[in-house]
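Structural overview for review
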Amino acid sequence: MLDVIIKGGTVVDGSGSEPFAADVGIRDGKVVSVGRVDDPSEVSIEADGSIVSPGFIDTHSHSDFVLPANPWSEGKVMQGVTTEVVGNCGMSAAPVKPERLGLFKSYVAFLCEEGLRWDWEGFGEYLDRLQERGTAVNVAALVGHNTVRTMVMGFEEREASTEELEEMKALVSRCMEEGAFGLSSGLIYAPGIYASTSEIVELCKVVSARGGIYSTHVRGEGEKLIDSIAEAIRIGKEAQVPVQVSHLKASGRSNWGKVSGALKMVDEANGVGLDVTFDAYPYTAGMTTMTAFLPHWALEGGVEGLMGRLKDPRVRGKMASEIRGGFQDLAKDLVSDGGRSVTIAQCKTERNKKLEGMTLFEASKLRGKDAVEAVLEILEEEEAEVSIISFSMCEEDVKAALVHPRGMVGTDSIDLSRGRPHPRAYGTYPRMLARYVREEKLLSLQDAVRKMTSMPARKLGLKDRGLLRPGYCADLVVFRMDEVEDSASFDDPRKFPRGIEYVFVNGNIAVERGKFLRKLHGKILRKFPSAS
Ligand SMILES: [Zn+2]
């Protein structure tokens, strides 16, 4: 007796091979049969004319600061995501130390869901909390370098001492023992930005020894893109660690077209035997913290340090003049278009909620200031807790990354109960299928599905997910290829997609006839199952 049978669908099994007609039988959370299945079943689903594929694995999510307070991941599940990889861009919710927690919390406040309790310290303890409360999706977590550096050194702009490096290595090692899938870095964000390449290499050696990966938001995604990809590859080579470049892109108008050079380097690295892959999202806008406009030194000492500097007219003037001088790509675009390509996504205070959805240009006009002064003023009023959406990429670069054979798909998203999310939190996977597979025919359906399923599973070392085969976990999506479409837009970002009919998480129905069932069927995955 089966639990579920999905009858008459077209299976795209995640391996990249041709679609084929088959029924799928599910029992005890696993796929047990693929082919002609006639066994009796508790539930029978007609999938005639629909595609049946493995559930999508979101290689790049920032839900770690949301899930302990809001476990539903509704926007993800409704687009077919069954596993989220969290802890990206150097920022993980664990490990934390009580004496550094305040400093850390103020910096990551823009990522945190209301009511987040921070009732953990160690990495394993964080995973335990998630497991106890339940999650709608499976979760695989990376440990963030920024988190680890903050716990050991605070927000200090300097090299780590030998003792500090040893302490960071010990922390990373412990996280790996407790179930982390690898280390992430965010080398444009404080305090990761203060770290040398060799610091990352040393930490990655620890990760490599324990079979993990290195996932990196590289040091520069614009003018410094090529050097930054070179740094990521060097780290992979010196530490002998598999590399995942996060949200590969060329940011800033003067850098458009540079993605092809970066992809060439990825190819060359693989050519000499390194394991270098990446993820990308199908949008020309990114989302980040407004502090990303600031020079490095402005964030020394964290948000408190920044607030002190903003109150000192001389230092504030220095900050403004560096931004006006276009010291990096975001700053350059801000100066050249006065903030027309940046919208404000989320503010902390009630008085500035009205800015959400406005461009920085509009916000600065409202204040009678130029865009640079408006940025500093808003950061001060919001105690740095502001998110922005920046239309900084070109379509050609986005497409080049999405179709490249080493590229996977990740949302890079966060969806809080306040503010406005980036529409990628609701539309990434349907958009990839609708726009780039069905409409533009840039890649085949089976290739797109492979990028969303078995590629990330293999990279992470998830041995029983990412393929639709007997013995694999029954994380599945049933969708209409003729109807699938993202509906979320920048103006209306919380719209669910069309065409996703069923989603299964560990054999349980999570979406039924397009309706979210609000069930917590996810598992907290650990790199070493023995630790759970
Ligand atoms: Zn990032």
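Since this is a predicted model, take the numbers as computed values, not measurements.

Calculation rules
Residues numbered from 1 in each chain as written. Predicted model: local features only at pLDDT ≥ 70, side-chain atom pairs only at ≥ 80, totals over all residues. Heavy atoms only, no water. Helix = DSSP H or I, 4+ residues; strand = E, 2+ residues; numbered from the N terminus. Rg over C-alpha atoms; globule rule 2.2 N^0.38 Å. Buried < 20%, exposed > 50% of the residue type's maximum accessible area, 1.4 Å probe, protein only. Contact = heavy atoms within 4.5 Å. Lys, Arg positive; Asp, Glu negative; His and termini not counted. Charge placed at Lys NZ, Arg CZ, Asp CG, Glu CD. Core = buried A, V, L, I, M, F, W, Y, C linked by side-chain atoms within 4.5 Å. Domains from an automatic or database assignment. Pairing = 2+ DSSP bridges. Salt bridge = Lys/Arg side-chain N within 4 Å of Asp/Glu carboxyl O. Buried area = accessible area lost by both parts, 1.4 Å probe. Polar contact = N/O pair within 3.5 Å; in protein donor to acceptor, adjacent residues only side chain to side chain. Nonpolar A, V, L, I, M, F, W, Y, C, P; charged D, E, K, R; others polar. Phe/Tyr/Trp six-rings, centres within 6.5 Å; stacked < 30°, edge-to-face > 60°. Lys NZ or Arg CZ within 6 Å of the ring centre and 35° of its normal.

What to know about the overall build of the protein
In terms of regular secondary structure, the protein is built from 17 helices and 21 strands. Computed over C-alpha atoms, the radius of gyration of the protein comes to 22 Å, within 12% of the 24 Å expected from 2.2 N^0.38 for 532 residues, which places it in the range of a compact globule. Dimensions of the protein along its principal axes, counting C-alpha atoms only, are 75 × 50 × 45 Å. Within the protein, buried positions represent 64% of all 532 residues. Intrachain contacts of the protein at a sequence separation of at least 6 include 77% that bridge at least 24 residues. Of note, the protein has its 67 positive side-chain charges centred 1 Å away from the centre of its 78 negative side-chain charges.

Looking at the nonpolar core
Formed by 145 residues in total, the largest nonpolar core has its most connected members in Phe65, Trp118 and Met290. Inspection of this core shows a minimum of three residues originating in each of domain 1 (56-284 + 393-461) and domain 2 (289-390). Among residues more than four places away in sequence, those in contact with Met290 are Ile344, Leu360, Val375, Ile378, Leu379, Val386, Ser387 and Ile388. Membership of the second largest hydrophobic core comes to 17 residues, among which are Val31, Ala474, Leu476 and Val478.

Concerning the sheet that holds strand E12 (residues 243-245)
Reading across the sheet, the six strands line up as E9-E10-E11-E12-E13-E17 and stay open at both edges, with parallel pairing between neighbours. With one partner strand each, in any of the chains shown, strand E9 (143-144) and strand E17 (407-409) form the two edges of the open sheet. Two strands pair when backbone bridges link them, and E12 and strand E13 (residues 276-280) are joined in this way by three bridges, in the parallel orientation. Considered in E13, the bridge of Val245 is made with Phe278.

As for helix H16 (residues 445-452)
Two residues of an α-helix separated by three or four positions point the same way, owing to the 3.6 residues in each turn. Counting buried residues in H16 gives six out of eight residues, a clear majority hidden from the surface. Restricting attention to buried positions, one finds in H16 the residues Leu445, Gln446, Ala448, Val449, Lys451 and Met452.

Digging into the pairing of strand E15 (residues 342-346)
Across the five residues that make up E15, a large majority, five, are buried. Here E15 runs beside strand E16 (residues 387-390); their pairing, made up of four bridges, is antiparallel. Among the inter-strand pairings, Ile344 is bridged to a residue of E16, identified as Ile388.

A closer look at the environment of Ala140
For Ala140, the position within the fold is in strand E8 (residues 138-141). Every residue in contact with Ala140, bar those within four places of it in the chain, is listed here: Glu84, Val85, Val86 and Phe181.

Digging into the pattern of salt bridges
Per the stated rule, a full pass over the model turns up 53 salt bridges. Residue Arg435 is joined to Glu395 by a salt bridge in which the shortest nitrogen-to-oxygen separation is 3.8 Å. One end of the pair, Arg435, is in helix H15 (residues 424-439); the other, Glu395, is in helix H14 (residues 395-403), and 40 residues separate them in sequence. For Arg435, a relative accessible area of 27% puts it in the partly exposed group. Between Asp447 and Arg450 there is a salt bridge, with its nearest N and O atoms 3.2 Å apart.

Looking at the domain arrangement of the protein
Domain parsing of the protein yields domain 1 (56-284 + 393-461) and domain 2 (289-390). Distance from the C-alpha centre of domain 1 to the C-alpha centre of domain 2: 25 Å. Listed as interface residues are 26 residues of domain 1 and, on the opposing side, 24 residues of domain 2. Carbon and sulfur atoms supply 52% of the area buried between domain 1 and domain 2, which totals about 2,100 Å² over both sides. Linking domain 1 with domain 2 are four salt bridges, by the criterion used here. Arg418 serves as the salt-bridge partner of Glu385, at 3.1 Å between the closest nitrogen and oxygen. The interface formed by domain 1 and domain 2 includes 13 residue pairs in polar contact (both at pLDDT 80 or more). Among the residues forming the side of domain 1 that touches domain 2, the class breakdown is 11 nonpolar, nine polar and six charged.

Points about the packing of aromatic side chains
Scanning the entire structure with this criterion turns up 12 aromatic pairs. Between Phe56 and Tyr429, the aromatic rings sit 5.3 Å apart at their centres with planes inclined by 15 degrees, giving stacked as the arrangement. Of this pair, Phe56 sits in strand E6 (residues 56-58) while Tyr429 sits in helix H15, and the two are 373 residues apart along the sequence. For the residue pair Phe56 and Tyr429, the accessibility class agrees, reading buried in each case. The interplanar angle of 85 degrees and the centroid separation of 6.1 Å between the aromatic rings of Phe104 and Trp118 together place this pair among those described as edge-to-face. Placement of the pair is Phe104 in helix H2 (residues 98-108) and Trp118 in the loop between H2 and helix H3 (123-133), with a sequence separation of 14 residues. No difference in accessibility class separates Phe104 from Trp118, as the two residues are buried. Clustering of aromatic rings is evident, with ring pairs tying together Phe65, Phe104, Trp118, Trp120 and Tyr126. Its guanidinium or amino end placed over the ring of Tyr281, Arg424 lies 4.6 Å from that ring's centre, counting from NZ or CZ.

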